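Structural overview
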Amino acid sequence: MQSRVVVLGAGFGGLEFATVLSDTLGDDADVTLIDENDAFVFGYSKLDVMFGRAALDDVRLLYADFVKPGIRFLRETITAIDPEARRVTTNGGVHEADVLVVALGADYDFDATPGLAEGGSEFYSVGGAERVRDVLPTFTGGRVIVGVCGAPFKCPPAPSEAVLLLHDYLSERGVRDQCEITLVMPFGTPVPPSPDTSAALLAAFAERGIEFVPSRRVSSLDPARSIAVLDDGAELPYDLFLGVPQHRAPAVVLESGMSEDGYVPVDSRTLETRFPGVYAVGDVATVGVPKAGVFSEGAARVVATSVVAQLRGGAQPAAYDGRGSCYIEFGAGRVGRVDIDFLTGPKPTGTFQEPADALVAEKQHFGASRRARWFNH
Ligand SMILES: Cc1cc2nc3c(=O)[nH]c(=O)nc-3n(C[C@H](O)[C@H](O)[C@H](O)COP(=O)(O)OP(=O)(O)OC[C@H]3O[C@@H](n4cnc5c(N)ncnc54)[C@H](O)[C@@H]3O)c2cc1C
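Quick summary incoming for the structure in this document. (Residues numbered from 1 in each chain as written. Predicted model: local features only at pLDDT ≥ 70, side-chain atom pairs only at ≥ 80, totals over all residues. Heavy atoms only, no water.)

**Topic: the environment of Ser 215**
Position of Ser 215 among the secondary structure elements: in the loop between strand E14 (210-213) and strand E15 (218-222). Relative accessible area serves as the criterion here: at 39%, Ser 215 is assigned to the partly exposed category. Between the alpha carbons of Ser 215 and Asp 109 there is a distance of 21 Å; along the sequence they are 106 residues apart. Here Ser 215 is in contact with Met 185, Pro 186, Phe 187 and Gly 188, once residues within four sequence places are set aside. (Helix = DSSP H or I, 4+ residues; strand = E, 2+ residues; numbered from the N terminus. Buried < 20%, exposed > 50% of the residue type's maximum accessible area, 1.4 Å probe, protein only. Contact = heavy atoms within 4.5 Å.)

Set out below in structure tokens:
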């Protein structure tokens, strides 16, 4: 049975889904993969760009290199999704699907935090990371706030990594003593499912004199007074504000009628939406797992296996297990890991691996293996 599969978004989820279909079905696959960008960038590469550890050109993985049997990549902007009809409109035309996979990620809602666009910087987009990279060398002292503006947000350990790497950056430039670093986060601990990971991060903050403000989010900025206002009304002065903006599904998804409370609800075992033949994977969906690439990838594999089984008549995959490992930069070149299990037990659990040289190599392998698998280099 031939089936037109249309995949929206070529991030962790879309790339992995298309790769599994191509690997399994080869030229028999009929997959159209659509993204408006010309390149994929790993989330963690934004931290490398921000602190000048990597040039943007070196971390951009061009979709022109995503060449696989049975896959057609189209660089188009999706402007409308009709989930009932499984019809997608882009600036290039209309695409009809038998199976539709929505993997459009989470977008940033700057307007949800008054003052953020004028008064702060963000490091969660590629453009934002580049702007911070250009501002940091001019910063010679004062108060820096890394502030999360709302949950859920991508890669919960990333703001903690940012303050630890910022400490290194300012120390290397010899200005750390003239600086205060504060992290504001809407969780009680840095990585709530893993008390050991949280304890290690809190110890690392304490050693470096980094202040951690738990259970708070930044609700607005007052750029005229250089004040960050927290959700309990507390005011924190800053000289440099590095924000994690509020997230939500891209506008085209919100307008499609698929979303509830900002994201697309799915059956967390199968990633099916309430529309027949329509799946949502990764950050765009409400699955009950953190918004991180490893989870998008794992969910995409389940959907890909299920679609192959429908086309070829094989067994359906086991339910999505919500397991994934995240590498955490602890500063000074050290990397730890947290292994998270979100769905198989009664509550999420996380196991911490202490920073070790082997984990530095493992993180490099994580990136290199995806680069090879998806982009053939
Ligand atoms: C600073 C930072 C550090 C991170 N570190 C890690 C980490 O160490 N490990 C980890 O697993 N995750 C990490 N993440 C999170 C990770 O990057 C995301 O969770 C992951 O990319 C989500 O994958 P996805 O496939 O769901 O969506 P995305 O990868 O966001 O892909 C969505 C795609 O849809 C496209 N798109 C959106 N709207 C449209 C439209 N209208 N038309 C056409 N195309 C569109 C976008 O261009 C994008 O390519 C980090 C994120 C950040 C910001």
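**Examining the nonpolar core**
In terms of nonpolar packing, the biggest core is built from 118 residues, with Phe 17 and Phe 123 touching the most fellow members. With residues near it in sequence (within four places) discarded, Phe 123 still touches Lys 46, Leu 47, Met 50, Gly 128, Ala 129, Val 132, Val 146, Pro 159, Ala 162, Leu 242, Gly 243 and Val 244. Val 184, Val 213, Leu 221 and Ala 228 belong to the second largest nonpolar core, which has 11 residues in total. (Core = buried A, V, L, I, M, F, W, Y, C linked by side-chain atoms within 4.5 Å.)

**Some words on the pairing of E14**
By the bridge criterion, 4 bridges tie strand E13 (residues 179-184) to E14 in an arrangement that is parallel. The partner of Val 184 across the bridge, within E14, is Val 213. On the question of chirality, the crossover connecting E13 to the parallel E14 by way of helix H7 (residues 195-208) is right-handed. (Pairing = 2+ DSSP bridges. Right-handed = clockwise from strand over helix to strand, strands pointing away.)

**A short note on helix H10 (residues 357-375)**
Helix length check: H10, at 19 residues, gives a terminal C-alpha distance of 27 Å against a target of 27 Å (1.5 Å per residue), a fit within 8%. Taken together, the buried positions of H10 are occupied by Leu 359, Lys 363, Phe 366, Gly 367, Arg 370, Trp 374 and Phe 375. Buried residues along H10 cover an arc of 115° about the axis, so they all sit on one side. With respect to the buried face of H10, the exposed residues turned more than 90 degrees away are Asp 357, Ala 358, Gln 364 and His 365. Of the residues trailing H10, Asn 376 is marked for its positive phi of about 60°. (Expected span 1.5 Å × (residues − 1). Arc of directions from axis to C-beta.)

**Focus on the site of the ligand**
What surrounds the ligand is a group of 28 residues, the closest being Gly 13, Asp 35, Ile 78, Asp 283 and Gly 293. Interatomic distance of 3.4 Å between a backbone N/O atom of Ala 292 and an oxygen atom of the ligand. In the complex, 92% of the free accessible area of the ligand, which totals 1,000 Å², lies under the protein chains. Where the shell around the ligand is concerned, the elements lending two or more residues are helix H1 (12-25) and helix H9 (293-312). No other element matches the 3 residues that H9 contributes to the shell around the ligand. Taken together, the residues of the shell around the ligand sort by class into 13 nonpolar, 10 polar and 5 charged. (Near = heavy atom within 4 Å. Polar contact = N/O pair within 3.5 Å; in protein donor to acceptor, adjacent residues only side chain to side chain. Areas by Shrake-Rupley, 256 points an atom, 1.4 Å probe, with all protein chains shown as cover. Nonpolar A, V, L, I, M, F, W, Y, C, P; charged D, E, K, R; others polar.)

**Some points on the environment of Gly 243**
Relative to the assigned elements, Gly 243 resides in strand E18 (residues 240-244). The exposure class assigned to Gly 243 is buried, which follows from its relative accessible area of 0%. In contact with Gly 243, other than residues within four places in its own chain, are Ser 121, Glu 122, Phe 123 and Gly 147.

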